[in-house]
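# A look at the structure
Take a look at the letters that make up each chain.
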Amino acid sequence: MDLTYTAGRKLFEKTIDFLLKYLNDENHDQKERLLKLVDWAQTFMGDIFQERYYNEARKLILDEDGKWMQFLETTLKETDPHVLKTHALNLGYESSLYGLKKIHKMREKHNCNVPWAILMDPTSACNLHCTGCWATEYDKVKNLTFEEMDDIINQGKELGTHFYIFTGGEPLVRKHDIIKLCEKHNDCAFHAFTNGTLVDEKFCEDMQRVGNLSFAISVEGFKNSNDSRRGEGTFDKVMDSMDLLKEHGLLFGTSICYTSKNYKDVTSDEFYDLLISKGAKFSWYFHYMPVGNDASVELLPNAEEREYVYRQIRKTRALEGGKPIFLMDFQNDGRATKGCIAGGKNYLHINSNGDVEPCVFIHFSGANIRDVSLLKALKQPLFMEYKEKMPFNENHFMPCPMLENPDIIVDMVKKSGAKSTYLNSPESAEDLAAKTKPYAEQWNEKADELWDEILEEQAEKINS
């Protein structure tokens, strides 16, 4: 197995070197080169992707003036070659080819969920105090040690997991340890959700050197709306950090929590143009979650506001029109993942106290990584409840057991005996569900309308 893995990685690495040189060769027609690349990918990757995706890629290439060709050209031009190669190798081969095959085998062998990605909080400390963030309520700083994070990664790689995401708190409070982990585990891809204010020249140079770390920078709209939630001067610091990251050829995007207050700003053409000009290549969109006893329930978008976000994102990232930036709508893209991805199905979360939670937004657990192995944590009763009950709703516009199906989180916590892991003010599942049940009731009808719309679109594609 080791020889097969080593040979496969070496072949993939040489292929990436060839492709990057091939794509940047000014002596050949780019359109022709890209079409040959798609043919190669379809042959090499087999049935990992459906044939229609390869055909759609060919269609995009033939549209030379289209936004996705612009996106590709800009990415190749602006990204440091070492950074681009390392991400292609670690996300492409380690995570999506070798790793995913191993994950599927481990799921069968151990009869439990095994995640493609692991989120962990290096620290609960943060230099900001943002409205609606549970980290602002932590009165005592907790940390995962370097050795603990290193051990989690080693255990994860044994199961096939090669993608690790840092959350918090503010993970860059521990940026020296993060770089050390990137150096030691150069066969993994690392990603950090960060407020971006601690990015500096030295750290950009370190990121450029290791090559396997990317960022999602939190931003909540334009200056006024962003600073009203994150603190005065934060927006300007974030813009400066983006300039530094772009200057060093690093891969980054944004993490956007949309609320009833900012949902139009963060999905406007003007906002996308700003992000693109700064060098952002992607954006994660997260629906506001009322986590914590003092959560601001009024920030929850209503049904019409959530639908607005869904349609704006869908329009912006469409094959035609829109903007050259890749958007991921965490709550409304459930149909792409067949519902919720938590509980180890595709990811899990380990907080700074070591509690292994099903989701970064659901603070309940029956296992701590300091007491049990990662594999045993994946077999904890709460995670097995997730495995048994997924998907939580056949309508994938209602994927979450907490936001859209609150009775389910109450039932799973009760049956599993899981405890609240909220670090400062423990919250019961019943109290959490009481906040989300009115939301779920008003969203239900709209979700059914949208789901029927998707089913009709699919039927038209089949019949066309």
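As a starting point, this report considers the structure included with it.

Criteria and thresholds
Residues numbered from 1 in each chain as written. Predicted model: local features only at pLDDT ≥ 70, side-chain atom pairs only at ≥ 80, totals over all residues. Heavy atoms only, no water. Axes fitted to C-alpha atoms, helices over the stretch in contact; angles between N-to-C directions. Helix = DSSP H or I, 4+ residues; strand = E, 2+ residues; numbered from the N terminus. Parallel < 35°, antiparallel > 145°, perpendicular 65-115°, else oblique. Contact = heavy atoms within 4.5 Å. Nonpolar A, V, L, I, M, F, W, Y, C, P; charged D, E, K, R; others polar. Pairing = 2+ DSSP bridges. Buried < 20%, exposed > 50% of the residue type's maximum accessible area, 1.4 Å probe, protein only. Polar contact = N/O pair within 3.5 Å; in protein donor to acceptor, adjacent residues only side chain to side chain. Left-handed = near helix turned anticlockwise from the far one by under 90°.

## What about the packing of helix H10 (residues 234–247) against helix H11 (residues 269–278)?
Closest axis-to-axis distance for the H10/H11 pair is 9 Å, and the angle between their directions is 45°. Between H10 and H11, the angle is such that the two are oblique. Of H11, the residues touching H10 (which contributes Phe-235, Met-239, Met-242, Asp-243 and Lys-246) are Leu-274, Leu-275, Ser-277 and Lys-278. Across the contact of H10 with H11, the residue classes break down as five nonpolar, one polar and three charged.

## A word on the sheet that holds strand S8 (residues 347–350)
One open sheet holds the nine strands; their spatial order is S7-S6-S5-S4-S3-S2-S1-S8-S9, and the pairing between them is mixed. Two strands lie at the open edges of the sheet, namely strand S7 (326–329) and strand S9 (356–357), each paired on one side alone.

## What about the side chain of Arg-174?
With respect to the helices, strands and loops of the structure, Arg-174 is situated in the loop between strand S2 (163–166) and helix H7 (175–184). Residue Arg-174 is classed as buried on the basis of its relative accessible area of 13%. Looking at Arg-174, its side chain comes within polar contact range of the side chain of Asp-177, at 2.8 Å.

## Describing the packing of helix H16 (residues 406–416) against helix H17 (residues 429–463)
Geometry of a packed helix pair, given as the angle between the helix axes and the separation of the axes. Where H16 contacts H17, the axes come no closer than 8 Å and their chain directions differ by 165°. Relative to H17, the element H16 lies roughly antiparallel. The chirality of how H16 crosses H17 is left-handed. Of the residues in H17, those touching H16 at Pro-406, Asp-407, Ile-409, Val-410 and Val-413 are Ala-429, Glu-430, Ala-433, Thr-436, Lys-437 and Ala-440.

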